[in-house]
Each structure stands twice: as C-alpha cells, then as structure tokens.
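If you want the building blocks of each chain, they are given just below.
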Amino acid sequence: MAGVHTRERWRGQGLARQLVAAALEHLRQRGLRPRYHVLDTNAASIGLAESLGLHPFMQLTHHTMRSPAAKPR
C-alpha cells in the first residue's frame, strides 16, 4: 500500500486506520502478503502501520536524474 493521505481537516478521526485495516484484511483473505510504503520521516504513518501489526522489513533508496531543462538548486 502506498499513497494513503488524509487531508489535514480530516486527520485524527481514524479514517486512515479504517482504510489500511480494511486493505490488510482484504489482502489477508486472499492469502497475500501486504507491504506498506512509508517515508522514514512520517512518524504518524509509521505509528499507524506498527499499531496494525506491520513491522519494518526493507528500506529503499531512490535515485533520480534532473532533466536537462531543470535549473540547479
């Protein structure tokens, strides 16, 4: 799972928890192993994942290339 985003005005109501829990159950019923993608700086999302029984198992590093038209920072 990736891209779970709750707009600020709707946060704190358990909506992300309900969505992720339902997705986990859907995958479990089909015998699939869930993966939950989260930035290592997103403490709230990490807390949600861990509270639902997920645990870290892989860390990825992403590389990119600036387009020739991009201005240096």
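Right above here is the structure, for reference.
Overview of the structure. Note on numbering: residues in each chain are counted from 1, in written sequence order. Restriction of local features to residues with pLDDT of at least 70 applies here, the model being predicted, together with a cutoff of 80 or more for giving and counting side-chain atom pairs; totals for whole chains, interfaces and linings are based on all residues. Values shown for side chains rest on all heavy atoms present in the structure; no hydrogens or waters enter the calculation.

Section: the layout of surface pockets
Any empty space left between the atoms is revealed when a probe the size of a water molecule rolls over them.
Then, number 1: Definitions used for this entry: grid spacing 1 Å over protein atoms alone; cavity, a set of points where a 1.4 Å probe fits but cannot get out; pocket, an open set with protein on both sides within 12 Å along at least 5 of 7 lines; lining residue, one with an atom within 4 Å of a point. Grid points are joined across faces, edges and corners, and a volume is the space filled by probe spheres set on the points. Approximately 1,300 Å³ is the volume attributed to the largest pocket.
Then, number 2: Lining the largest pocket are 38 residues, and of these Tyr-36, His-37, Val-38, Leu-39 and Ser-45 sit closest to its centre.
Then, number 3: Examining the composition of the lining of the largest pocket, we find that six residues originate from one element, helix 2 (residues 43-51), more than from any other.
Then, number 4: Under the scheme applied, nonpolar residues are Ala, Val, Leu, Ile, Met, Phe, Trp, Tyr, Cys and Pro; charged residues are Asp, Glu, Lys and Arg; polar residues are all the others, including Gly. Within the lining of the largest pocket, the residues separate by chemical class into 19 nonpolar, 13 polar and six charged. The numbering of helices and of strands both runs from the N terminus, where a helix is a DSSP run of H or I of at least 4 residues and a strand a run of E of at least 2.

A few points about the pattern of salt bridges
Then, number 1: Any Lys or Arg side-chain nitrogen located within 4 Å of an Asp or Glu carboxyl oxygen qualifies as a salt bridge. One pass over the full model with this rule turns up one salt bridge.
Then, number 2: With its nearest N and O atoms 2.5 Å apart, the salt bridge here joins Glu-25 to Arg-28. With Glu-25 and Arg-28 both in helix 1 (residues 15-29), this residue pair falls three residues apart, about one helical turn.
Then, number 3: Under the scheme applied here, a residue whose accessible area is under 20% of the maximum for its type counts as buried, over 50% as exposed, and between as partly exposed, the area being computed with a 1.4 Å probe on protein chains only. Given a relative accessible area of 52%, Arg-28 falls into the exposed group.

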